[in-house]
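So the chains spell out like this:
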Amino acid sequence: MSWLWGAILFWLAAWAFNVWLANRAVARRQAVRLFIPALFGVTLLVLWEGTVRGLGVPGVILPAPSAIWATILASLPILAGDFVQTILKGALSGYLIGCGAAVATAIAIDRSPFLKAGLLPVGNFVAALPIVGIAPILVMWFGFDWQSKAAVVVVMVFFPVLVNTVAGLGAAERMQRDLMATWGAGYWQTLFKLRLPAAMPFIFNGLKIATTLALIGAIVAEFFGSPIRGMGFRISTAVGQLALDMVWAEIAVAALAGSAFYGLVALIEKSVTFWHPSQRARS
Amino acid sequence: MKSLLPILTVLAAIVALWYAGTVWLNAQWTHDQAARAGVEVTFAEVVADAMAQERPVLPAPHQVARGLWDGVTGHKVTSKRSLVYHAQVTLSATLVGFVIGTLAGILLAVGIVHNRAMDLSVMPWAIASQTIPILAIAPMVIVVLASVGVTGLLPKAVISAYLSFFPVVVGMVKGLRAPDHMQLDLLRTYNAGRWDTFWKLRLPASMPYLFASLKVSVAASLVGAIVGELPAGASAGLGARLLSGSYYGQTIQIWAALFAAAILAAGLVMIIGVIERGTLRRMGMVR
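Predicted model, so just to flag it, every value in this text is computed and none were measured.

Caption draft 1: Up close: the overall build of chain A. Across its full length, chain A holds twelve helices and zero strands. Mapped from its N terminus to its C terminus, chain A presents α and β elements in the order α-α-α-α-α-α-α-α-α-α-α-α. Here chain A has a C-alpha radius of gyration of 24 Å; the compact-globule value for 283 residues is 19 Å, and the former is much larger. Across the 283 residues in chain A, those meeting the buried criterion constitute 47%. Carbon and sulfur atoms provide 73% of the accessible area of chain A, an area that totals close to 13700 Å². If the 19 positive side-chain charges of chain A are averaged to one point and the 10 negative ones to another, these points end up 11 Å apart.

Caption draft 2: Quick peek at the interface of chain B and chain A. Taken residue by residue, the interface counts 51 residues in chain B and 50 residues in chain A. A buried area of about 4100 Å², summed over both sides, lies between chain B and chain A, and 85% of it is on carbon and sulfur atoms. Between chain B and chain A we count zero salt bridges in total. Contributions of two or more residues to the side of chain B that touches chain A are made by α1 (4–37), α5 (116–129), α6 (138–147), α9 (194–228), α10 (238–248) and α11 (251–282) of chain B. Looking at side-chain class alone, the side of chain B that touches chain A contains 40 nonpolar, ten polar and one charged residues.

Caption draft 3: Expanded view of the nonpolar core. Core analysis: the largest hydrophobic core is formed by 101 residues, its most contacted members being A:Tyr95, A:Leu207, A:Val220, A:Val247, B:Met140 and B:Val227. No other element matches the 14 residues that helix α9 (residues 187–222) of chain A contributes to this core. Those residues within four positions of A:Val247 in sequence are excluded, and the remaining contacts are A:Ile235, A:Ala238, A:Val239 and B:Met140. Ranked by size, the runner-up nonpolar core spans 28 residues in total, among them B:Leu203, B:Leu210, B:Val218 and B:Val269.

Caption draft 4: Region of interest: the packing of α1(B) against helix α2 (residues 43–51) of chain B. Residue and element names in this part refer to chain B. Interhelical geometry of α1 versus α2 gives an angle of 105° and a closest axis separation of 8 Å. Taken together, the axes of α1 and α2 lie roughly perpendicular to each other. Across the interface between the two elements, Tyr19, Thr22, Val23, Asn26, Ala27, Trp29, Thr30 and His31 from α1 touch Val46, Val47, Asp49, Ala50 and Met51 from α2. Looking at the contact of α1 with α2 residue by residue, the classes come out as eight nonpolar, four polar and one charged.

Caption draft 5: Expanded view of the packing of aromatic side chains. One pass over the structure, following the stated rule, counts 17 aromatic pairs over all chains. Here A:Phe17 and A:Phe35 contribute two aromatic rings whose centre-to-centre distance is 6.2 Å and whose plane-to-plane angle is 90°, an arrangement assigned as edge-to-face. Pair noted here: A:Phe17 is in helix α1 (residues 2–22) and A:Phe35 is in helix α2 (residues 30–55), with a separation of 18 residues, a long-range link. Taking the relative accessible area as the measure of exposure, A:Phe17 reaches 35% and is therefore partly exposed. Among the residues examined, A:Phe35 registers a relative accessible area of 39% and is labelled partly exposed. Between B:Trp195 and B:Phe198, the aromatic rings sit 6.1 Å apart at their centres with planes inclined by 25°, giving stacked as the arrangement. Within this pair, B:Trp195 and its partner B:Phe198 are both found in helix α9, separated by three residues, close to a single helical turn.

Caption draft 6: Local environment of the domain arrangement of chain B. All names here are of chain B. As assigned here, chain B comprises domain 1 (4–58) and domain 2 (83–282). Computed over C-alpha atoms only, the centres of domain 1 and domain 2 are separated by 39 Å. Each partner contributes to the interface: domain 1 provides seven residues, whereas domain 2 provides seven residues. It is Trp18, Arg55 and Pro56 that lose the most area in domain 1 upon contact with domain 2, and together they represent 68% of the buried surface on that side.

Caption draft 7: Expanded view of the domain arrangement of chain A. With domains assigned, chain A is organised as domain 1 (2–57) and domain 2 (71–280). Using C-alpha coordinates to define each centre, domain 1 of chain A is positioned 35 Å away from domain 2 of chain A.

Caption draft 8: Just α11(B), in detail. End to end, α11(B) covers 47 Å across 32 residues, agreeing with the expected 46 Å (1.5 Å per residue, within 8%). Of the residues flanking the end of α11(B), it is B:Gly284, one or two places downstream, whose phi is positive at about 75°.

Caption draft 9: Seen up close, a nonpolar patch on the surface. All names here are of chain A. Taken together, the side chains of Val84, Leu88, Leu92 and Leu96 define a hydrophobic patch exposed on the protein surface, amounting to about 320 Å² of accessible area. Looking at the element boundaries, Leu88 is found in helix α4 (residues 76–110). By relative accessible area, Leu88 is classed as partly exposed at 40%.

Caption draft 10: A look at the confidence of the model for chain B. All names here are of chain B. Within chain B, residue pLDDT values average 82, and 96% of them lie at 70 or more. Looking at the elements of chain B, mean pLDDT is at its lowest for α2, recorded as 75, and at its highest for helix α4 (residues 83–114), recorded as 90. Taken together, the chains of this predicted complex give a pTM of 0.81 and an interface ipTM of 0.74.

Caption draft 11: Examining the side chain of B:Ser121 more closely. Residue and element names in this part refer to chain B. Along the chain, Ser121 turns up in helix α5. Given a relative accessible area of 0%, Ser121 falls into the buried group. Of the polar contacts made by the side chain of Ser121, one reaches the backbone oxygen of Ala117; its length is 2.6 Å.

Caption draft 12: The environment of B:Ala136, seen in detail. Looking at the secondary structure, you find B:Ala136 in the loop between α5 and α6. Residues B:Ala136 and B:Val227, 91 residues apart in the sequence, show an inter-C-alpha distance of 9.2 Å. Sequence-distant contacts of B:Ala136, that is, excluding residues within four places in its chain, are made with A:Ile219, A:Phe223 and A:Ile235.

Rules behind the numbers
- Residues numbered from 1 in each chain as written.
- Chains lettered and ligands numbered in written order.
- Predicted model: local features only at pLDDT ≥ 70, side-chain atom pairs only at ≥ 80, totals over all residues.
- Heavy atoms only, no water.
- Helix = DSSP H or I, 4+ residues; strand = E, 2+ residues; numbered from the N terminus.
- Rg over C-alpha atoms; globule rule 2.2 N^0.38 Å.
- Buried < 20%, exposed > 50% of the residue type's maximum accessible area, 1.4 Å probe, protein only.
- Areas by Shrake-Rupley, 256 points an atom, 1.4 Å probe, with all protein chains shown as cover.
- Lys, Arg positive; Asp, Glu negative; His and termini not counted.
- Charge placed at Lys NZ, Arg CZ, Asp CG, Glu CD.
- Contact = heavy atoms within 4.5 Å.
- Buried area = accessible area lost by both parts, 1.4 Å probe.
- Salt bridge = Lys/Arg side-chain N within 4 Å of Asp/Glu carboxyl O.
- Nonpolar A, V, L, I, M, F, W, Y, C, P; charged D, E, K, R; others polar.
- Core = buried A, V, L, I, M, F, W, Y, C linked by side-chain atoms within 4.5 Å.
- Axes fitted to C-alpha atoms, helices over the stretch in contact; angles between N-to-C directions.
- Parallel < 35°, antiparallel > 145°, perpendicular 65-115°, else oblique.
- Phe/Tyr/Trp six-rings, centres within 6.5 Å; stacked < 30°, edge-to-face > 60°.
- Domains from an automatic or database assignment.
- Expected span 1.5 Å × (residues − 1).
- Patch = residues over 30% accessible without salt bridge, like charges linked within 9 Å, V, L, I, M, F, W, Y side chains within 5 Å.
- pLDDT = per-residue confidence, 0-100.
- Polar contact = N/O pair within 3.5 Å; in protein donor to acceptor, adjacent residues only side chain to side chain.

This is the structure in structure tokens:
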């Protein structure tokens, strides 16, 4: 029981400290702004560990963070293999193909208002559908290996990116387009020098949404059949063996990979759209 | 109505492409069958056969429509072969999860807006959690809850709630902060307390944001319910239909379940859209 009470005590102390810190002037500093959520995350872990140990929760229901960490360290090669199979081969290749195709399609239909008026509502509609459901079909078509996962990812990321890119291509103002016209710029010059750069904040918005979708698509598609490696495969088989520490280890890797993927895209966005007010305000 | 023609054109193009794909993908099987029987087939025969195979690689649109129609009207609503039965199983989990997730999300957003410490410590995690493939934990939630004796509707609802929770939090925090300084100052001159400010200014101002995120989260909670039905041999629900269809190669069943899910999602989003329009009109927010 002492574990549980210790954890609760730690939680209360850390929370009081956070409240005290948040209401001081130092809370405006960047370092403090990072420290407060970090401390909150640590208290959650401590509370988790304390609850599991204090109440004696069996490992098949909820393993303690320390046990999960031990599993991660003990099975690094397996986790690395799954990471390569699911994230690098399945999600990343699908993400690149899907986003590339979506941007290309957006540029292609950009010249025809008729197509734009027809595709946008359809795209918006499809973006709200449970597209994950096509996973079994695509697994049937493309086999069990990473190609089918990439195909699922392509379909999942395509519509959000398409809708955002089309919206972005309309973002350049009339005045700016007229300026390009007075300089005698052709369609393609206007596209590359004005409209695509102006569309970048919108495109990156779509790309950031697509990062999460890509990981979800790659992992869920593996529930429908996969070779004997991959994160989705490992999760579904480890659940079957009640090896929940392994499941949590995979989830930790997936969370880390998801955040890193998102962070990477956000970093690229920062360097590409440095001119946009939302980016300038922060620095 | 002016946009109807382009939309219909695009839909017609999609259906035409689909038929072309049907012929292209299913022709292989026909050719194999013909070669085994030692007969030549003409192109017209290939097309006719591609449209009517029992387990096609890609079922033709009319086959899917037939499957959907049979599934909806061909059996009694309580029968396990009826799509209505499976849709209702999924829908109930979706709605329970959606309501739980939305209420929890609104409560957390209210806490975040009114408490600085909560804002600084919880909000970064709420945003970071959006970058995590949460759906991956669905099978574990199902199995763990089953091992402590909770089965049936609730585990799926938990996943749905979790997925619909974060869009609501993020949208509501934005919405509750939407009133600008001028409006907040005005309420201060009226000597309104925190509570009055919340009920009379912040909550009404957040409604457009709430509905925007409700549309996202209802779609997310349907996905959660469907994925929640995949593992552990669930026997009912649209997700279970997808899985059993993929085990037994019943492509028409997969596509029919898929379209049932799509119609369900569209219907849910549309219902929220109608409620949104009605509410905003009564509040005088529709332009």
